[in-house]
Amino acid sequence: TNPLEIEQVDLNAVPRKPDVEKQYESAYWGTFALGAEDSLQQLKYWNAVIDYFPIETATNKNTTELYHRKAKLRLGEIHLALLNLKEAQKIFDELANDEEISEFFQLMGIAGQAIVYDLSPDDVFENGFDERQQKVRECLSKIGSDADELNQFMRQRIEEMQQNDLYSAHQPQLPAADLLDGTE
């Protein structure tokens, strides 16, 4: 071997931990240390929780699923902050529509959907502004008084929307048949 050949090291690689719980802890503290300005590296940390420990090969599937869901929530929030609305939508739709998970994760998914709809341009919806407004109202109605169960990131945004007259229940609503089913 040539002593002058140096192995290239990816300084942005996320170190693999021995189990999904330790990987989650690493992502939590790693992203905390990074700060908000390095969102792409944060995405790598949270994706590592899912990618390094697939459910299919997990020895404890329940624990692995729990940490996957927690990581997905963080991924969804980062995508929201970056305004990657399609990526955020996929994550929050999955959580909101999965009836086999806890109500907390469903609630967080619905809150994420509401925020995505609120941030989306009107032309994304078949019936424009009215449909976007209706979808946000539906999500806010499902959340109701459970907004206090949301984490700080989601709760702050949902409470702002709940106080917005634009989404008050007194606004005219579209017939349900005119609404998109939310799938692509």
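Residues numbered from 1 in each chain as written. Predicted model: local features only at pLDDT ≥ 70, side-chain atom pairs only at ≥ 80, totals over all residues. Heavy atoms only, no water.

*Asks:* Explain the overall build of the protein chain to me, please; I cannot follow it from the model alone.
*Replies:* For the protein chain, the helix and strand inventory stands at seven helices and zero strands. Counting from the amino terminus, the protein chain carries its helices and strands in the arrangement α-α-α-α-α-α-α. Out of the 184 residues belonging to the protein chain, those deemed buried represent 40%. Sequence separation of at least 24 residues holds for 58% of the intrachain contacts in the protein chain that already meet a minimum separation of 6. (Helix = DSSP H or I, 4+ residues; strand = E, 2+ residues; numbered from the N terminus. Buried < 20%, exposed > 50% of the residue type's maximum accessible area, 1.4 Å probe, protein only. Contact = heavy atoms within 4.5 Å.)

*Asks:* What is the right way to read the packing of aromatic side chains from this model?
*Replies:* How two aromatic rings sit relative to each other is given by the distance of their centres and the angle of their planes. In this structure the tally under the stated criterion is six aromatic pairs. Residues Tyr24 and Tyr67 carry aromatic rings whose centres are separated by 5.2 Å and whose planes lie at 55° to one another, so their mutual orientation is tilted. Of this pair, Tyr24 sits in helix H1 (residues 20-34) while Tyr67 sits in helix H3 (residues 61-81), placing them 43 residues apart in sequence. Through a chain of ring-to-ring contacts, three or more aromatic side chains come together here, namely Tyr24, Trp46 and Tyr67. The ring of Tyr24 carries Lys70 above its face, with NZ or CZ at 5.4 Å from the centroid. (Phe/Tyr/Trp six-rings, centres within 6.5 Å; stacked < 30°, edge-to-face > 60°. Lys NZ or Arg CZ within 6 Å of the ring centre and 35° of its normal.)

*Asks:* Got a minute to help me understand the packing of helix H2 (residues 39-51) against H3 in this structure?
*Replies:* If you want to describe how two helices pack, look at the angle between their axes and the distance between the axes. The interhelical angle for the contact between H2 and H3, taken along N-to-C directions, is 160°, at an axis separation of 8 Å. Of the possible angle classes, the one that applies to H2 and H3 is roughly antiparallel. H2 and H3 meet at a crossing whose hand is left-handed. Along the contact surface, H2 presents Ser39, Gln42, Leu43, Trp46, Asn47, Val49 and Ile50, while H3 presents Tyr67, His68, Ala71, Lys72, Arg74, Leu75, Ile78 and His79. Taken together, the residues of the contact of H2 with H3 sort by class into eight nonpolar, five polar and two charged. (Axes fitted to C-alpha atoms, helices over the stretch in contact; angles between N-to-C directions. Parallel < 35°, antiparallel > 145°, perpendicular 65-115°, else oblique. Left-handed = near helix turned anticlockwise from the far one by under 90°. Nonpolar A, V, L, I, M, F, W, Y, C, P; charged D, E, K, R; others polar.)

*Asks:* Whenever I open this one, the nonpolar core confuses me. Can you help?
*Replies:* When a protein is soluble and globular, its nonpolar side chains tend to lie buried together. Core analysis: the biggest nonpolar cluster contains 44 residues, and Trp46, Val49, Leu150, Ile158 and Met161 have the highest contact counts within it. Broken down by secondary-structure element, the contributors of at least two residues to this core are H1, H2, H3, helix H4 (85-97), helix H5 (103-119), helix H6 (128-143) and helix H7 (152-162). Residue contributions to this core peak at nine residues, all from H5. (Core = buried A, V, L, I, M, F, W, Y, C linked by side-chain atoms within 4.5 Å.)

*Asks:* For this particular structure, what's the right way to read the environment of Lys135?
*Replies:* If you trace the backbone, Lys135 turns up in helix H6. As for Lys135 and Ala114, which are separated by 21 residues in sequence, their C-alpha atoms are 7.2 Å apart.

*Asks:* I would appreciate a short explanation of the packing of H5 against H7 in the present structure.
*Replies:* Look at H5 against H7: their axes get within 10 Å of each other, and the N-to-C directions meet at 55°. Taken together, the axes of H5 and H7 are oblique relative to one another. Here H5 runs over H7; the crossing is left-handed. Listed contacts from H7 to Met108, Ala111, Gly112, Ala114, Ile115 and Asp118 of H5 are Met154, Arg157, Ile158 and Met161.

So far we have only geometry, and geometry alone does not tell us how the molecule works.
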